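These are the residues of each chain, in order.
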Amino acid sequence: MSQWLPLLILATSLVPALVTFFLDQDQHRLRNTLNLGGALFKLGLVVYLLIEVARGSFHEVRFDLLPGQFLLLRVDALALLFLTLSALLWLLTTIYAIAYFHRKPNLSRFFGFFGLCVFATTGIALSGSLLTFFVFYELLTLSTWPLVVHKQNPESMAAGRTYLRYAMPSSAALLLAILWLQHLAGPIEFTGGADLSGLGSDTLRVIFVLFVVGLGMKAAVVPLHGWLPAAMAAPAPVSALLHAVAVVKAGAFGFVRVIHDVFGIDLVTTLGLGLPLAVLASVTIIYGSLKALGQQGIKRRLAYSTVSQVSYILLGAALAGPFALIGGLAHLVHQGLMKITLFFCAGIYDERAGIRRIDELDGIGARMPWTSVCFSLGALGMIGLPPMAGFVTKIYLGIGGLEAGAPWVIGVLAASTLLNAAYFLPLLYRIWFVESPSRSRPGERPLGIVAPAVLTGLAAIAVGLFAGAAVSPLAWASLIVERTYSP
Amino acid sequence: MNLPIWMPYALCGAGLVGLGLYGLLARPQLLRRILAFNIMGAGIFLLFGALARRGAVVGAIVDADPVPQAMIITGIVVAISATALALGLIVAHARAGGGEGLPGDTPGVGERDEPGADEAADDSGSADRDGRRDEREGTRR
Amino acid sequence: MSPVPLVLVLTLPLIGALAAVAVGRHGGRVATAAALATLGAALWLAVRVAAHGTVSVTVGDWTPPLGIRLNADGPAVLFLAVTAVIMAAVVLYARRSITGPKAGVDRGGPMAHTFWALLLLLWGALNVIFVSRDLFNLYVGLELASLAAVALVGIEGRRETLAAALRYLLFALTGSLLFLLGAALLYSAHGTLDLGLLAGQLGRHPSDLLALAAMTAGLAAKTALFPFHVWLPPAHAGAPPAASAVLSALVPKASLYILLRLWFDAAPDGAGTIGPQLLGALGAAAVLHGSLMALRQQRLKLVIAYSTVAQLGYLFLIFPLAAATAAIDPAGADAAWRGTLFQALSHALAKAAMFLCAGLIIEAAGHDRLDRLAGTARALPITLFAFGLAAISLMGLPPSGGFVAKLLLIDAAFERGAAAWALVVLIGGLLAAAYLFRPLAAAWRSPDGDDPDFAPVARRRQALPMALALAALGLGLFSDGPAGLMGGLP
């Protein structure tokens, strides 16, 4: 019982992906059924897993790679959070992608790599050791490159090149950090942490910096963020997945694991690394928002917004104290829901109405009401006004900052809110309050293309409104922090 | 001075090895290189034989150790096959338009250009030649 | 314990070669039969050794030092098995490329006749090398392998390939003679050429250092160590793709194998520290130089050939990491040994896959120039995917054999306290990513103008490199078993 469930969950992403590679372009029905079926099955298994874990059962799979090196999958509370988020969003993105691509070419190839990407993300969520984490982290890079260059045009190829230029060196840094640390302290599992007490402070600092470089690339931390805006050349479902679920979250997730499970927040603070990291996160938050102001392309503006928002999670992880971490972990979910809504809508705008730039948004609210309402919900959530989810995050992060003796965090959060408003409100104004130059109503069909956005948009409101409920992401984050990180 | 009987042969062998190695490395012409290879081989065999005789003087083996002798014979056979292959390749190379030495070894001794000779069935022929010349001549292009 | 599989593994390829010569035009069928039979024998032997330990045969029941002993232990059997898998795939591939309707050469011409014989001779020679424990036997095997390989390089008969073959021959012959010189000196000093009997004795006699140096130099030249690598790119790029696969994947591994046996089985403690460090430094230089040259190439086969130069460089890192330290640091030395073997084996599988992919691309497109490969993704999806998987192993990314090798080598470097070698491995991986993604992207992108003409290639043939690439990945996923067979540093 305790062995097969994690493996089965992984298989529900891997098997459809591998089978899809062999399908012909024209076998639409089979391909869609396979992928949707896999996603639904996975979600079902995850729910089952949640119930099992609530009942107290323990799930772990160990796979011997070499004498002395092994791969470890383990289900703990944090893993479950990330896993549930990714399973849910994968299902919705699959529905969206099917509707978005409709009859475009190379679909078997796309869905094959898409499935591999989710497989890698699931593996990252379920990783129980640093080495396992690395294996799936690299698989993620390898499976997302074909998605970024999917369109095969020069712009996409250039985006792919940039992506690799950032990804490869940072992964080398990550591997170096992991192997170095393991050489000093033995194989490192997340539960129970590593015994780093006997190691030299300077060595640990260098290793930590290597970790920051390795994880910071995917988490789009300044100055390693450059690949993210470039990757906007990919089709919308790819951007949605990359930004909300897979790549950036994997980086952020990695940070939480390394800071809290490997080093431990106390050690990080003692080494004097917590504060610089918090500062780095803050710089990224502000810088991302500033750059977003200057972007005319919708997707690029959203990209820089992601750069900024993901660092909230990093900020939460870096500050010592439970409130900050709760805020950060909750934001993992909140940002995921809000950003994916925004990208879904951006994709619909692009596909149905040819809108790619801010100035083309005039009056679209009347012509594409559903999409625009969802977009607005996402945008308002990003700005962080109550009762949206973003507001909850900021409250917790602010309290966390005070707790950690860094009251300037509140200033950063306030500035970020203002900047978010500055680059989102004008969009909303254009959408709703400006006359449209044309009268046509671009269809918001098929249902599959709009429904996911509606669902995530509503979810984004719900997690904010009902943040106090026992099953909200916030409550979940509190549970994680309580159980795992406080003595 | 009472030299052991095997010493001149060993020294001669060592000398031949040196000469052969020099010829192999320093001479651009292919035939000379093959000759040098043969000289070097002969030197090694001579050395081997001398050392075998030395073994006989030192140890309890009568006259000369038979094992190195067997190896020398095998070695000669191997060297002959290698030489045969080398000569065959040199002749084929010359027939296909190659010169005395290998291209890129020395500027003067190179291939004669025959336009038709390389239009082989494999279409990568001309691109092949361009690419290789690029790679050989480095920055000249 | 029955030595039958061991004997079969040696004799079947040689008999097959003779039969192929006799049969002439139908050599392909004979070769296929011999290949599959030898593959079976190799796998049988592997299973036998995995279950019961080393299988040994003394020829004619004459024991060393007069007799010859053949020994199949863990590492030998791994190399035999990988060689058999690669050779079988190459034979199946070449059936259509040498004598099929796609063949670029006259079907009745000399290449069709001699190719099979040469390939099988090469295979037999490699097998002899892997199981021999006797320096002279190794010399004969090495020579046979080199001559067969040289002939394969020049088989197409064009001027450039003949020149490449001649250059290869000169390097190979020099290397063999240096090896023979070393063997002669060792014999005169110790009275035996058996590696087992020499073990522990090397280093006692003053001429041993010279012998070891000569043999190492000769073998290093054959393994294309920088700066003796200049023969490799033109030779491997000029040979027919089926031959290139074997030349890059297997032939340098044979000379490396002898080098490893010589250094680690016969344990020269008198090697000092300069020799191993020098070899490691040259290996690092090979990694850098090969990678940088690969980045500049315009033809796919040359990229792959320079990649071989770079990847072979990793194999020399074992010297600074493990030589003369086994007593001080057994864990690190074991890791270095296993890492090197994993690197050799997974590189063999991945490189063979890559050359077969290149061959298929040349068949479809008529050329292998990188700037005109756009659109290959649509024409040859399986081939390109196989190329990508093979590239993953060469880059050392999970979940491949190359990744396992990288892990072990970096671990060994840390154990030894010599982190610089770890950096060499990491930077090498980055450079490999750079020069392998370049052709991958070139083939992936869509063509600017009209769709170029691609001749169709059967899916079954595309499955061959895919199988090899998957084997390279499998070596990483199921690495526990092979690691057990490899054992620790001998």
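What counts, and where the lines are drawn
Residues numbered from 1 in each chain as written. Chains lettered and ligands numbered in written order. Predicted model: local features only at pLDDT ≥ 70, side-chain atom pairs only at ≥ 80, totals over all residues. Heavy atoms only, no water. Axes fitted to C-alpha atoms, helices over the stretch in contact; angles between N-to-C directions. Helix = DSSP H or I, 4+ residues; strand = E, 2+ residues; numbered from the N terminus. Parallel < 35°, antiparallel > 145°, perpendicular 65-115°, else oblique. Contact = heavy atoms within 4.5 Å. Nonpolar A, V, L, I, M, F, W, Y, C, P; charged D, E, K, R; others polar. Domains from an automatic or database assignment. Buried area = accessible area lost by both parts, 1.4 Å probe. Salt bridge = Lys/Arg side-chain N within 4 Å of Asp/Glu carboxyl O. Polar contact = N/O pair within 3.5 Å; in protein donor to acceptor, adjacent residues only side chain to side chain. Expected span 1.5 Å × (residues − 1). Buried < 20%, exposed > 50% of the residue type's maximum accessible area, 1.4 Å probe, protein only.

Explain the packing of helix H13 (residues 300-314) of chain C against helix H15 (residues 330-365) of chain C here, please?
A pair of packed helices can be characterised by two numbers: the angle between their axes and the separation between those axes. All names here are of chain C. The interhelical angle for the contact between H13 and H15, taken along N-to-C directions, is 175°, at an axis separation of 10 Å. By the angle between their axes, H13 is roughly antiparallel relative to H15. Counting all contacts with H13, which are made through Leu300, Lys301, Ile304, Ala305, Ser307, Thr308, Gln311 and Tyr314, the residues of H15 involved are Gln343, His347, Lys351, Met354, Phe355, Ala358, Ile361 and Ile362. For the contact of H13 with H15, the per-class residue count stands at nine nonpolar, five polar and two charged.

Where do I start with the domain arrangement of chain C in this structure?
It is common to report an interface's size as the accessible area lost on association of the parts. All names here are of chain C. Structurally, chain C comprises domain 1 (1-131), domain 2 (133-271) and domain 3 (282-490). Just the C-alpha atoms count here: the centres of domain 1 and domain 3 sit 25 Å apart. Contact between domain 1 and domain 3 buries roughly 1,600 Å² in total, counting both sides, with carbon and sulfur atoms accounting for 83%. Remark: the boundary between domain 1 and domain 3 carries zero salt bridges. One can count one residue pair in polar contact (both at pLDDT 80 or more) joining domain 1 with domain 3. Only helix H2 (27-52) and helix H3 (74-99) provide two or more residues apiece to the side of domain 1 that touches domain 3.

Please explain helix H6 (residues 159-190) of chain C as it appears in this structure.
Owing to its 3.6 residues per turn, the α-helix aligns residues three or four sequence positions apart on the same side. Residue and element names in this part refer to chain C. Here H6 spans 46 Å end to end across 32 residues, near enough to the 46 Å set by a 1.5 Å rise per residue. Of all the 32 residues making up H6, 29 are buried; the element is thus mostly covered by neighbouring parts of the structure. Within two residues after H6, glycine 191 carries a phi angle of roughly 75°, on the positive side.

Help me understand the pattern of salt bridges, please; the structure alone is not making it clear to me.
It is possible for side chains bearing opposite charge to pair when their charged atoms get close. Residue and element names in this part refer to chain A. Tallying each qualifying case throughout the model produces 20 salt bridges over all chains. In this structure, glutamate 60 engages arginine 62 in a salt bridge whose closest nitrogen and oxygen atoms are separated by 4.0 Å. Among the salt bridges present, the one from aspartate 359 reaches arginine 357, with a minimum N-O distance of 3.5 Å. Each member of the salt-bridge network shares a partner with another, and the members are Glu60, Arg62, Arg74 and Glu189.

Got a minute to help me understand the side chain of C:Thr192 in this structure?
Relative to the assigned elements, C:Thr192 resides in the loop between H6 and helix H7 (195-198). Looking at C:Thr192, its side chain comes within polar contact range of the main-chain nitrogen of C:Asp194, at 3.1 Å.

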